[in-house]
Amino acid sequence: MTTPSSARSTWFSAGTTNLSHRPRLILEYTLAGQPALTQSDGLPAVQSARPFLPTARIGGKDSVAFSYVTRPFANAWSYTPVFHNGLVYLMTDKEGKKALRALSPLGAKPVWPIEVGGKPVWPISVDGNPGQHLLVSQSGRLYIVGNGRIISYQLDSGNPAQAPAAARVRELTGLNPENPPSLGPGGSLYLVNGQEVYGFNPDLQELWKVTLADPKTSRVTIGPGGRFVYLTAKKEGLVAINAQTGESFRTPLLNQAALAKADFPSLHAPVVILHPDGSEKVYVAANSVNEGVLACFNNRSGAIAAAENWPPLTGLWSQPIPDQLSPGSAQQPASGKQIYAVRVADQRGTLTGIDWLTGSTRAIAPTFAVGDSAYLLNGGNLASDQAGTRFVWNGAGEVDLFAFGSAFSGRLHSPAGGIPEQAQLLFGGDGTLYANTVEGDRVLRAIVPHYTLSADSDANIYSPTHLWVDGAAGQSTVLKAAGNVLLGKGFTVRRGATLKIATGTPTP
């Protein structure tokens, strides 16, 4: 392979203990029209490229008052859905028969399986008892992981309605990861199984295996460049692994002794931002029973060290999430970029903004009740839309959906309720916000902004995703949505009034 004279090469030597590691060559290149990846969010599908909150003018006045309704996806079997090419993919369990299904964003008639003669035909039935972890890469490689095997399909991105061809299966004795696996660039697969961290290439060949001191860990986070993977471990703190060689680096956290003794520590997935100087800044939050820390580390080609001038952010923290702003340039790193997390104290939660470079903090919104066993510390998460609004499903205390942004900050109510207390927030590719049940009924629910109109008032409402409307259309009513406009049962139009509906509208 020939390179310009200015190219830089790095050589790694494998010691006698690492002879089983497969050497990897990672090529980095830029695709036209696609920006370079500059951050890893820790959890998938928590950032949306669209705004979510609707805008409304009712009775001649701007209105921020709205509620939400949910559309359930029944028979869910996989722990979480995945989103690709405008569709929602789920593993379902119908009368004991497991199947992979492609559905529309609101769970209407499935793309496949299909019905023939009134009877369901399951072209993507999964024999036996498959695992429940579902993942999909940007290129459409879909994985089902667990119960002793990895099953993969290649989705047809050019024709989403086309069911994929036969699956490829890799049998792996004892494979049953507790935390969901993670996907790197090009479809590389990383997971924790017991006390082992595994790296697989897209052909599901094992690249390396790293042994930990304890099986309790966070989910694996892949750095923006794919060179390193990170996780938070109960007895070791931050664990960084070179994705090429399998070489691992362990750095204890400030509260490491308490974490190691805790029966059920809360270990959040690391968040990683690529600094313009080429290093990776790694943000780690971990809580024991009564104390926690949110720390920042610098990774300079495998040299892991606590970030300079970063204060010890003690307290109990939720899963962090970065904003969507650019980290800037080498000459001028962005000064306003933020990391967000909910800090819990005295049964109250405070959404907190943290400067990514200095660690300085500020409260973003008024506190809200999280109860004496805050779900946000043990499974809950934040999600963020393109407008910078942070969404929180609060599963204890004031149980409901909260939104914190410049256009609206507060609690969103639902006339019908229906979301279990323990649910995680996800964004679909079209900007639809979902609540996915972690425990209990395992039902995926699409969240749709909801209005009840009065025949005495005109209205002009726009939703960047979908819209649900009840009541009666007044003198002049305009309903617009980038997705679907749903009219509730009993919706009426007053005699002599005008109702206009526009769907597929990306802007107001």
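This report concerns the structure included in the present document.

**What about unusual backbone geometry?**
Then, number 1: Phi is positive for A45, which is not a glycine, with a value near 60°.
Then, number 2: Along the chain, the position of A45 falls in the loop between strand 1 (39-40) and strand 2 (55-58).
Then, number 3: Overall, A45 belongs to the partly exposed group, its relative accessible area being 27%.
Then, number 4: Positive phi outside glycine occurs at S301, with the angle close to 55°.
Then, number 5: By the secondary structure assignment, S301 is in the loop between strand 25 (292-300) and strand 26 (303-306).

**Some thoughts on empty space enclosed by the protein**
Once rolled over the atoms, a probe with the size of a water molecule shows which space is left empty.
Then, number 1: Taken as a whole and judged by the stated rule, the model has one cavity of 30 Å³ or more.
Then, number 2: For the largest cavity, the calculated volume is near 40 Å³.
Then, number 3: Together, F83, H84, G86, L87, V88, P105, G428, G429, D430 and Y434 line the largest cavity.
Then, number 4: At the level of elements, strand 5 (82-84) and strand 6 (87-94) are the ones that each hand at least two residues to the lining of the largest cavity.

**Let's talk about the nonpolar core**
Then, number 1: L425 and I447 are the most contacted members of the largest nonpolar core, which totals 31 residues.
Then, number 2: Counting only elements with at least two residues in this core, the list comes to strand 35 (390-394), strand 36 (400-404), strand 38 (423-427), strand 39 (433-437), strand 40 (444-453), strand 41 (459-463), strand 42 (467-473) and strand 43 (476-481).
Then, number 3: Once residues within four sequence positions are removed from consideration, I447 is found in contact with F52, Y68, V69, T70, L401, I419, L425, L433, Y434 and A435.
Then, number 4: Counting residues in each nonpolar core, the second largest holds 19 residues, with L43, I321, V342 and L351 among its members.

**Some remarks on the sheet that holds strand 37 (residues 409-412)**
Then, number 1: In space, the four strands of this open sheet follow the order 34-35-36-37, with antiparallel pairing throughout. Each having just a single partner strand, strand 34 (382-384) and strand 37 make up the two edges of the open sheet. On average, each strand axis in the sheet is tilted by 25° relative to the strand beside it, whichever way the strands run.
Then, number 2: In the sheet, strand 35 pairs with strand 36 via five bridges, with the strands oriented antiparallel. Looking across to strand 36, one finds that W393 is bridged to L401.

**Examining the pattern of salt bridges**
Then, number 1: Counted under the stated rule, the structure contains eight salt bridges.
Then, number 2: Across the pair R57 and D62 runs a salt bridge whose closest N-O atoms are separated by 2.9 Å.
Then, number 3: Taken together, the salt bridges that share partners define one network made up of E398, D400 and R411.

**Some points on the sheet that holds strand 12 (residues 149-154)**
Then, number 1: What the four strands build is an open sheet, ordered 10-11-12-13; its pairing is antiparallel. Since the sheet does not close on itself, it has two edges, and those belong to strand 10 (133-136) and strand 13 (168-171), each with one partner. Taking the axes of each pair of neighbouring strands and ignoring which way they run, one obtains an average angle of 15° across the sheet.

**As for the packing of aromatic side chains**
Then, number 1: Counting across every chain of the model gives 15 aromatic pairs.
Then, number 2: On the numbers, 6.1 Å between centres and 15° between planes, the contact of F402 with F404 is stacked. Here the two residues F402 and F404 agree in accessibility, since each one is buried.
Then, number 3: Seen from the ring of W77, K98 lies directly overhead, with NZ or CZ sitting 4.6 Å from the centre.
Then, number 4: Its end group placed over the ring of Y340, R390 keeps NZ or CZ at 3.8 Å from the ring centre.

About the thresholds
- Residues numbered from 1 in each chain as written.
- Predicted model: local features only at pLDDT ≥ 70, side-chain atom pairs only at ≥ 80, totals over all residues.
- Heavy atoms only, no water.
- Helix = DSSP H or I, 4+ residues; strand = E, 2+ residues; numbered from the N terminus.
- Buried < 20%, exposed > 50% of the residue type's maximum accessible area, 1.4 Å probe, protein only.
- 1 Å grid on protein atoms, 1.4 Å probe; cavity = no way out; pocket = protein on both sides within 12 Å on 5 of 7 lines; lining within 4 Å.
- Points joined across faces, edges and corners; volume = space filled by probe spheres on them.
- Core = buried A, V, L, I, M, F, W, Y, C linked by side-chain atoms within 4.5 Å.
- Contact = heavy atoms within 4.5 Å.
- Pairing = 2+ DSSP bridges.
- Axes fitted to C-alpha atoms, helices over the stretch in contact; angles between N-to-C directions.
- Salt bridge = Lys/Arg side-chain N within 4 Å of Asp/Glu carboxyl O.
- Phe/Tyr/Trp six-rings, centres within 6.5 Å; stacked < 30°, edge-to-face > 60°.
- Lys NZ or Arg CZ within 6 Å of the ring centre and 35° of its normal.

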